[in-house]
Amino acid sequence: MDTLTHTLAGVLLARALPAWGGGLSHARRQIACGVGAAFPDVDFALQLLAPQVFLNLHRGPTHSLVLLPAWAALLALALTWLWRRRDGGSWRALWPPCVALCALGLGSHIAGDWVTLYGTRLFYPVLPDVYALELSWDFNPWIALLVLVGALLGFARAARGPTIARATLLLVVLLLAAAVPLRRQALDLAQRDAPLPAEVWALPQPLSPFHWHLIQRQTGGYRAAFVDLLAPAGGAEGVAAPAAHSGPGGYRARDDLIWRRHDSPETSPLSLLAWNRAEIGAFRAFARIPALYRIDEDPRATCVWFADLRHALPLGPPPFRQGLCRAGHAPEWRLHRLRYFSEDRRQAL
């Protein structure tokens, strides 16, 4: 989820709770929970400071249940210090409820990222594993809109704020719960004609809960298609269907799927050489469904690019792409990434 949605969800959570908080006013309860809900995304600073490690450390230390008590205590310490300096009051009255509210906000953020494709390292640093329910794209516009409307209505109708907040949070939970049977349908489609046994994925897409990315692991790569579970039935699978049988943006009806082949990083000797080098190790650890994106060769330089198919869309390039480039036939390789939304804008890492 995006940071604004997390923050507003924290505000709604504070409003939905009974009126408690010791020496904290109603506004400060919302601030404490909202700050806690926003805080984990401070790790976006890694994108600027250390982009080569951003993919693996984002949603790591600041998104950990193990470290949550420490972050809650530190945030509460800062807020309590600011409020005591401004208005006075005792630490005993301010700090304990502030810790609890910051912890609730942090927990709501972690839960919100847990349901996404990217997931989060719930037990960092004890366990390095990434946990992802894969019920939502990383940015869910419907949840973002629902939370924004709920927050604005709560501001406009303060007397009914708790009721509006509880109803909004309940609708968010129901929206995510509705994705569970849809994901099951998409997984069944992915498995329908896959060679057995085969590893398959059904990955949510950003604009509709009925849009899914189906992926089958095959020898030497993957087979992938985009489905619209609401699109009416059309012709035979794999045959271009009339426009009436296609969903928007390249999503197809379940019996009109067009499967596309993606090669694995080990497809060619050159890509295998690049993929096994230490320089690409961080991306190798990050990519759950790694594929060879392309190889650029010209007399001046050679670049081998890889992508993670988890975040692929039917239109536009995947967001997470890294590769190695070398000048001519020089032995030295250098790590680069392709910038978001671009085909060839390179950034050296």
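The rules behind the values
- Residues numbered from 1 in each chain as written.
- Predicted model: local features only at pLDDT ≥ 70, side-chain atom pairs only at ≥ 80, totals over all residues.
- Heavy atoms only, no water.
- Helix = DSSP H or I, 4+ residues; strand = E, 2+ residues; numbered from the N terminus.
- Buried < 20%, exposed > 50% of the residue type's maximum accessible area, 1.4 Å probe, protein only.
- Contact = heavy atoms within 4.5 Å.
- Lys, Arg positive; Asp, Glu negative; His and termini not counted.
- Charge placed at Lys NZ, Arg CZ, Asp CG, Glu CD.
- Disulfide = S-S within 2.5 Å.
- Expected span 1.5 Å × (residues − 1).

Examining the overall build of the chain
Now for step 1: Helix and strand content of the chain: 10 helices and 9 strands.
Now for step 2: Taken along the three principal axes of its C-alpha coordinates, the chain extends 70 × 55 × 35 Å.
Now for step 3: Here the chain holds 349 residues, and 47% of them are scored as buried.
Now for step 4: Taking all contacts inside the chain whose residues are at least 6 apart in sequence as the whole, residues at least 24 apart take part in 55%.
Now for step 5: Side-chain charges of the chain comprise 34 positive and 25 negative groups, with the mean position of each set lying 10 Å from the other.

Structural notes on the side chain of Ser271
Now for step 1: Looking at where Ser271 falls in the secondary structure, it is placed in helix H9 (residues 269-275).
Now for step 2: Since its relative accessible area comes to 0%, Ser271 is described here as buried.
Now for step 3: With residues up to four places along the chain from it excluded, the contact list for Ser271 reads Pro265, Glu266, Leu292, Ile295, Val304 and Phe306.

Let's talk about the state of the cysteines
Now for step 1: In the structure shown here, the tally under the stated rule is 1 disulfide.
Now for step 2: The disulfide partner of Cys303 is Cys325, and the S-S distance across this bridge is 2.0 Å. Between Cys303 and Cys325, the disulfide has an S-S torsion of 115 degrees and is therefore right-handed. With Cys303 in strand S6 (residues 301-308) and Cys325 in strand S7 (residues 321-327), this residue pair connects regions lying 22 residues apart in the sequence. Like Cys325, Cys303 is buried.
Now for step 3: Here Cys98 is not disulfide-linked; the sulfur of Cys102 is the nearest cysteine sulfur, at 4.2 Å.

What to know about helix H5 (residues 68-87)
Now for step 1: Under the 1.5 Å per step criterion, the end-to-end length of H5 is 28 Å for 20 residues, consistent within 8% with the ideal 28 Å.
Now for step 2: In the core, the buried residues of H5 are packed alongside helix H2 (26-38) and helix H6 (91-114).
Now for step 3: In the segment just after H5, Gly88 is the residue with positive phi, at about 80 degrees.

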